[in-house]
Amino acid sequence: MLRSKPYHWCCLVASVFLEVGGTLVMKLAQGWAFPHAQVLGLVVMWLAIAMSYFFLSKAVTGIPVGVTFAFWEGLGLTCITLGSVLFLNEALTLRRALGLACVLSGALLVNYGTGHGAPKPSREDSPTASDKAGARKQRAEAPTLNNGLAAGGNR
């Protein structure tokens, strides 16, 4: 079972902010007036998204992947939408707000629906295929009596 620490959640938050920043810079760069502004915007976006995936990979080492991805997508979508309202003058309609509430609720449901109980038995605790095969072979080679019971067996 994964044991999440504040480090993992900080990596997840960093991943979200880098994703949001990269996406918003890409769109904002379309309005910049200096030479090669759009190319610079794309380069900044690529670097930010690459760093976002780096931090996302660190986050999944301590947070279940379903929870990590739900929060990454949910918070990312919410922050990008709010950033587009603040910086790109897009409208925040009631339908958009309800959609964002559903996305965030879904991320929370995934988090609370993830089992945090007893861990599953590890592979070391379960019998291996060779152990099972050895037991079958041993039973097959056991001498039997006339009634089909193995020698020394109970009736």
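Reference entry: report on the structure contained in this document. (Residues numbered from 1 in each chain as written. Predicted model: local features only at pLDDT ≥ 70, side-chain atom pairs only at ≥ 80, totals over all residues. Heavy atoms only, no water.)

**Brief notes about the side chain of S84**
Operational definition: Helix numbers and strand numbers start at the N terminus; a helix is a DSSP run of H or I with at least 4 residues, a strand a run of E with at least 2. Burial status follows relative accessibility: with a 1.4 Å probe on protein chains alone, a residue under 20% of its type maximum counts as buried, one over 50% as exposed, and anything between as partly exposed. Distance and chemistry together define a polar contact, namely a pair of N or O atoms within 3.5 Å, with one atom able to donate a hydrogen and the other to accept it when in protein, and with adjacent residues in sequence counting only for side-chain atoms on both sides. It only takes one pair of heavy atoms within 4.5 Å for two residues to be counted as in contact.
By secondary structure assignment, the location of S84 is in helix α3 (residues 65-87). Owing to a relative accessible area of 6%, S84 belongs among the buried residues under this scheme. At 2.7 Å, the side chain of S84 forms a polar contact with the backbone oxygen of T81. Within the structure, S84 has its side chain in polar contact with the side chain of E90 (distance 3.1 Å). What S84 contacts, discounting residues up to four positions off in sequence, is L24, N89, E90 and R96.

**Description of the side chain of T81**
Of note, T81 is situated in helix α3. Here T81 is in contact with R96 and L100, once residues within four sequence places are set aside.

**Topic: the nonpolar core**
For clarity, the threshold we go by: Nine residue types can take part in a nonpolar core, namely buried Ala, Val, Leu, Ile, Met, Phe, Trp, Tyr and Cys, and a core is a set of them joined through side-chain atoms within 4.5 Å.
In this structure, C11, L12, V16, V20, L24, L56, A59, I63, V67, F71 and W72 together form the largest nonpolar core, which totals 11 residues. Listed by contribution, the elements that provide at least two residues to this core are α1 (6-28), α2 (37-59) and α3. Take this core: its biggest share by element is 5 residues, from α1. With sequence-adjacent residues up to four places away left out, C11 is seen in contact with F55, K58 and A59.

**So, the packing of α1 against α3**
To keep it simple, the criterion reads: Note on method: axes are straight lines fitted to C-alpha atoms, helices fitted across the in-contact stretch only, with angles between N-to-C directions ranging 0 to 180 degrees. By definition, turning the near helix anticlockwise from the far helix through less than a right angle yields a left-handed crossing, and turning it clockwise yields a right-handed one. For this scheme, ten residues count as nonpolar: Ala, Val, Leu, Ile, Met, Phe, Trp, Tyr, Cys and Pro. Four count as charged, namely Asp, Glu, Lys and Arg, and the remainder, Gly too, count as polar.
Running from N to C, α1 and α3 point in directions that differ by 35°, and their axes come no closer than 9 Å. Pair α1 / α3 crosses with right-handed handedness. Judged by residue contacts, W9, L12, S15, V16, E19, V20, T23, L24 and L28 of α1 engage V67, T68, F71, W72, L75, G76, C79, I80, G83, S84 and F87 from α3. When its residues are assigned to classes, the contact of α1 with α3 shows 13 nonpolar, 6 polar and 1 charged.

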